[in-house]
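Residue strings, one per chain:
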Amino acid sequence: MLCAGLCRQGFNDQEIVALAGAHALGRCHRNASGYVGPWTRAPTTFSNEYFRELMENTWTVKVQDSKFPEQWEDPSGDLMMLPADMALVWDKKFRHWVEIYAKDEERFFKDFAAAFQKLEENGVKAFQKRGWW
């Protein structure tokens, strides 16, 4: 699931996990995606908190109306994770990097910067052919 698009673009497991760390920022809005809630308690701060939350919390499936997509919540019900987020801790190769980034924010920053630069440099072919306008 996570690898489908990014692996085709030449991203490895470490880079995929680093890019997922962008979930440290923002939140989901039900009207836009069907999901609702923030990933962290500081959704306007770029940090490794997303990885710490993944590792330190006990995540359970949120009980909600079946018309909404499955998501996970922490014990307080304040934070949420998507299926793709949970895959990072369920898959051994991804989890390895989650554990590293949860403990080492500077390493996360360094690896995220490199992976994000690669993402930008890959470009978007649709925009290259016609322009974005």
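Above: the structure in question.
Here the structure is a predicted model, which means the values were calculated and not measured.

Undergrad: How should I be thinking about the nonpolar core in this particular structure?
TA: Counting residues in hydrophobic clusters, the biggest one holds 30 residues, and the most contacted among them are Val-17, Tyr-50, Phe-51, Leu-54, Met-81 and Leu-88. Secondary-structure elements contributing two or more residues to this core are helix H2 (13-20), helix H4 (49-56), strand S5 (80-81), helix H5 (83-90), helix H6 (92-103) and helix H7 (105-122). For Met-81, the residues in contact, after removing those within four places along its chain, are Trp-39, Tyr-50, Glu-53, Leu-54, Trp-59, Gln-71, Trp-72 and Met-86.

Undergrad: What exactly am I supposed to notice about the side chain of Glu-15 here?
TA: Turning to its location among the elements, Glu-15 is positioned in helix H2. What Glu-15 contacts, discounting residues up to four positions off in sequence, is Gly-10, Ala-115 and Lys-118.

Undergrad: I would appreciate a short explanation of H7 in the present structure.
TA: Because an α-helix packs 3.6 residues into every turn, residues spaced three or four apart end up facing the same way. Taking 1.5 Å per residue, 18 residues should reach 26 Å; H7 reaches 25 Å between its end C-alpha atoms and fits that length. All of the buried residues in H7 are Phe-108, Asp-111, Phe-112 and Ala-115. The arc that holds the buried residues of H7, viewed along the axis, is 105°, so those residues lie on one side. Exposed and facing more than 90 degrees away from the buried side of H7 are Glu-106, Lys-110, Glu-120 and Glu-121. On its buried face, H7 sits against H2, H4 and H6. For H7, the capping residue at the N-terminal end is Asp-104, with a side-chain oxygen 3.3 Å from the backbone nitrogen of Glu-106. Positive backbone phi, approximately 70°, marks Gly-123, located one or two places after H7.

Undergrad: Could you clarify how one ought to interpret the sheet that holds strand S4 (residues 72-73) in this entry?
TA: Sheet strands line up and pair through hydrogen bonds in the backbone, either parallel or antiparallel. Spatial strand order, S3-S4-S5: 3 strands in an open sheet with antiparallel pairing. Where the open sheet ends on each side, the last strands, each with one partner, are strand S3 (60-61) and S5. Two strands pair when backbone bridges link them, and S3 and S4 are joined in this way by 2 bridges, in the antiparallel orientation. Bridge pairing in S4 links Val-61 to Trp-72.

Undergrad: Hey, could you run me through the packing of aromatic side chains in this one?
TA: A ring pair, where both rings are aromatic, is described by two values, the distance of the centres and the angle of the planes. Counted by the stated rule, this structure contains 12 aromatic pairs. Here the aromatic rings of Phe-46 and Phe-109 are separated by 5.6 Å at their centres, their planes lie at 20°, and the arrangement is stacked. Here Phe-46 is found in the loop between strand S2 (37-38) and H4, whereas its partner Phe-109 is found in helix H7, with 63 residues between them in sequence. Arranged with centres 5.8 Å apart and planes meeting at 55°, the rings of Phe-108 and Phe-112 form a pair that is tilted. Of this pair, Phe-108 and Phe-112 both sit in helix H7, 4 residues apart, which is roughly one turn of that helix.

Undergrad: Please clarify how the packing of H6 against H7 should be interpreted in this entry.
TA: Helices that pack against each other are described as a pair by the angle of their axes relative to one another and the distance between those axes. One way to put it is that H6 packs onto H7 with a least axis distance of 5 Å and a crossing angle of 120°. On the basis of their axis angle, the class for H6 and H7 is oblique. Residue-level inspection shows Trp-97, Ile-100, Tyr-101 and Lys-103 of H6 in contact with H7, the latter providing Glu-105, Arg-107, Phe-108 and Asp-111. Of the residues belonging to the contact of H6 with H7, the class tally is 4 nonpolar, no polar and 4 charged.

Undergrad: What am I meant to see in the environment of Val-63 here?
TA: Assignment of secondary structure puts Val-63 in the loop between S3 and S4. Given a relative accessible area of 78%, Val-63 falls into the exposed group. Along the backbone, Val-63 and Glu-73 are 10 residues apart, and their C-alpha atoms lie at a distance of 9.2 Å.

Thresholds applied
- Just so you know, the residues in each chain are numbered from 1, in the order the chain's sequence is written.
- Per-residue local features of the predicted model are confined to residues with pLDDT of at least 70, and side-chain atom pairs are confined, for both listing and counting, to 80 or more; whole-chain, interface and lining totals are unaffected and use all residues.
- Note that the side-chain values use all heavy atoms of the structure and ignore hydrogens as well as water.
- The set of buried Ala, Val, Leu, Ile, Met, Phe, Trp, Tyr and Cys residues whose side-chain atoms join them within 4.5 Å is what this entry labels a nonpolar core.
- We call a residue buried when its accessible area falls under 20% of the maximum for its residue type, exposed when it is over 50%, and partly exposed in between, using a 1.4 Å probe and counting protein chains only.
- Only DSSP runs of H or I covering at least 4 residues are called helices, and only runs of E covering at least 2 are called strands; the numbering of each starts at the N terminus.
- By definition in these notes, contact holds between two residues if any of their heavy atoms fall within 4.5 Å.
- Multiplying one less than the number of residues by 1.5 Å gives the expected span of a helix.
- The arc in question is the one traced by the directions running from the helix axis out to the C-beta atoms.
- Polar contacts here mean pairs of N or O atoms no more than 3.5 Å apart (in protein, one a potential hydrogen donor and the other a potential acceptor; neighbouring residues in sequence count only if both atoms are side-chain atoms).
- We call two strands paired when DSSP finds no fewer than two bridges between them.
- Under the pairing criterion, centres of Phe, Tyr and Trp rings, with the six-membered ring standing for Trp, must be within 6.5 Å; the plane angle then separates stacked pairs below 30 degrees from edge-to-face pairs above 60, leaving the rest tilted.
- Convention adopted: a line fitted to C-alpha atoms gives each axis, helices being fitted over their contacting stretch, and angles between N-to-C directions are expressed from 0 to 180 degrees.
- Reported orientations rely on four angle classes, namely roughly parallel under 35 degrees, roughly antiparallel over 145, roughly perpendicular from 65 to 115, and oblique for the rest.
- Polar here means any residue outside two lists: the nonpolar Ala, Val, Leu, Ile, Met, Phe, Trp, Tyr, Cys and Pro, and the charged Asp, Glu, Lys and Arg; Gly therefore counts as polar.

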